[in-house]
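A closer look at the structure
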Amino acid sequence: KNEEEDSVPKIPTMDIRSLTQQTHEIYAPLILESTTPIERFDTTAFHLQQKAEGDSVYRDVEKYAVALRDTSLNRRTIVVRHRWESGGAYRLLVDSLGVEDIYGLFSKTIKQDFSVRKMEEYGNLIFNIPEVKDSAIVELLDGQEKVVLSVPVKNHKAELINILPATYYARL
């Protein structure tokens, strides 16, 4: 017999993936993005785990939040928020069938290991602007003049926190 006729048909699943790289920024939420709009998800299907320094076993994290980044035009992003520990090693597990799209397709199991960047790897910039009290914005630009960060001036100061080392330009 033909091998294709004997095989079990493949069950279609929705396409959802983590946008997090191996190294995660300490101030950023973990983001999962689907190619199709999300109808619903089960928060009990999400498991955030942390590995203690020098340990090889991941342990469940108690406090974290899972939410749909909902806009009327785009229901494709799930955000996982946690107060990340500097240099911590984490794992996000999402059970199969944990997320369903508007077409009735479910997610496969998702497993994402990542570590959080250490605080020592960041820098801070504080601009003292005596001429402006609080009616301006300071923009931090990269080498291609793309805005990396925008902060308001408050009490003659603009504080840019947790910036990765690079060459930047500032614009008021």
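Shown above is the structure to which this text applies.
Residues numbered from 1 in each chain as written. Predicted model: local features only at pLDDT ≥ 70, side-chain atom pairs only at ≥ 80, totals over all residues. Heavy atoms only, no water.

**Section: the overall build of the protein chain**
Of regular secondary structure, the protein chain possesses one helix and 16 strands. In terms of C-alpha radius of gyration, the protein chain reaches 21 Å, well past the compact-globule figure of 16 Å for 172 residues. Expressed as lengths along the three principal axes of its C-alpha atoms, the size of the protein chain is roughly 80 × 45 × 30 Å. Taking all 172 residues of the protein chain together, the buried fraction comes to 34%. Within the protein chain, contacts between residues at least 6 apart in sequence are counted, and of these 61% link residues at least 24 apart. If you sum the accessible surface of the protein chain, you get close to 11700 Å²; carbon and sulfur atoms cover 49% of it. Between the mean site of the 22 positive side-chain charges and the mean site of the 27 negative ones, the protein chain shows a separation of 4 Å. (Helix = DSSP H or I, 4+ residues; strand = E, 2+ residues; numbered from the N terminus. Rg over C-alpha atoms; globule rule 2.2 N^0.38 Å. Buried < 20%, exposed > 50% of the residue type's maximum accessible area, 1.4 Å probe, protein only. Contact = heavy atoms within 4.5 Å. Areas by Shrake-Rupley, 256 points an atom, 1.4 Å probe, with all protein chains shown as cover. Lys, Arg positive; Asp, Glu negative; His and termini not counted. Charge placed at Lys NZ, Arg CZ, Asp CG, Glu CD.)

**Considerations on the side chain of Thr-20**
Mapped onto the fold, Thr-20 is located in the loop between β1 (16–18) and β2 (23–24). On the basis of relative accessible area, Thr-20 is assigned to the buried category, the value being 8%. If we skip the residues at most four places from it in the chain, Thr-20 touches Leu-30, Ile-31, Gln-112 and Phe-114.

**Section: the pairing of strand β13 (residues 137–141)**
Pairing between β13 and strand β14 (residues 147–152): five bridges, direction antiparallel. Of the residues in β14, the one forming a bridge with Val-138 is Val-151. The hairpin formed by β13 and β14 contains five residues between the paired strands, and Glu-145 there has a positive phi angle of roughly 60°. Looking at chain direction, β13 and strand β16 (residues 169–171) are connected through three bridges and run antiparallel. Looking at β16, one finds that Leu-141 is bridged to Tyr-169. (Pairing = 2+ DSSP bridges.)

**Regarding the sheet that holds strand β8 (residues 77–81)**
With antiparallel pairing, the four strands of this open sheet are ordered in space as β1-β3-β8-β7. On the outer flanks of this sheet lie β1 and β7 (65–69), each paired with one strand and no other. Across the sheet, the axes of successive neighbouring strands diverge by a mean angle of 20°, strand direction being ignored. When β1 meets strand β3 (residues 30–34), the two strands line up antiparallel, connected through three bridges. (Axes fitted to C-alpha atoms, helices over the stretch in contact; angles between N-to-C directions.)

**Comments concerning the packing of aromatic side chains**
Within a pair of aromatic rings, the relevant descriptors are the distance that separates the centres and the angle that separates the planes. Applying the stated criterion across every chain, the model contains five aromatic pairs. Note on Trp-84 and Tyr-90: the rings are 5.0 Å apart at their centroids and 80° apart in plane angle, and the pair reads as edge-to-face. Here Trp-84 matches Tyr-90 in class, with each residue buried. One aromatic cluster is present, formed by Trp-84, Tyr-90 and Phe-114 through successive ring pairs. (Phe/Tyr/Trp six-rings, centres within 6.5 Å; stacked < 30°, edge-to-face > 60°.)

**As for the environment of Asp-42**
With respect to the helices and strands, Asp-42 occurs in the loop between β4 (38–41) and β5 (46–51). Overall, Asp-42 belongs to the partly exposed group, its relative accessible area being 37%. When the C-alpha atoms of Asp-42 and Val-66 are compared, they prove to be 9.3 Å apart, with 24 residues separating the residues in sequence.

**Points about the nonpolar core**
Counting residues in each nonpolar core, the largest one holds 23 residues, and the members touching the most others are Phe-46, Ile-78, Trp-84, Leu-92 and Val-99. Those elements giving two or more residues to this core turn out to be β3, β5, β7, β8, β9 (89–94) and β11 (110–116). Contact partners of Phe-46, with chain neighbours within four places excluded, come to Leu-32, Phe-41, Tyr-64, Val-66, Ile-78, Val-80, Leu-92, Leu-93, Val-94 and Val-99. Counting residues in hydrophobic clusters, the runner-up holds 10 residues, among them Ala-136, Leu-140, Val-151 and Ile-163. (Core = buried A, V, L, I, M, F, W, Y, C linked by side-chain atoms within 4.5 Å.)

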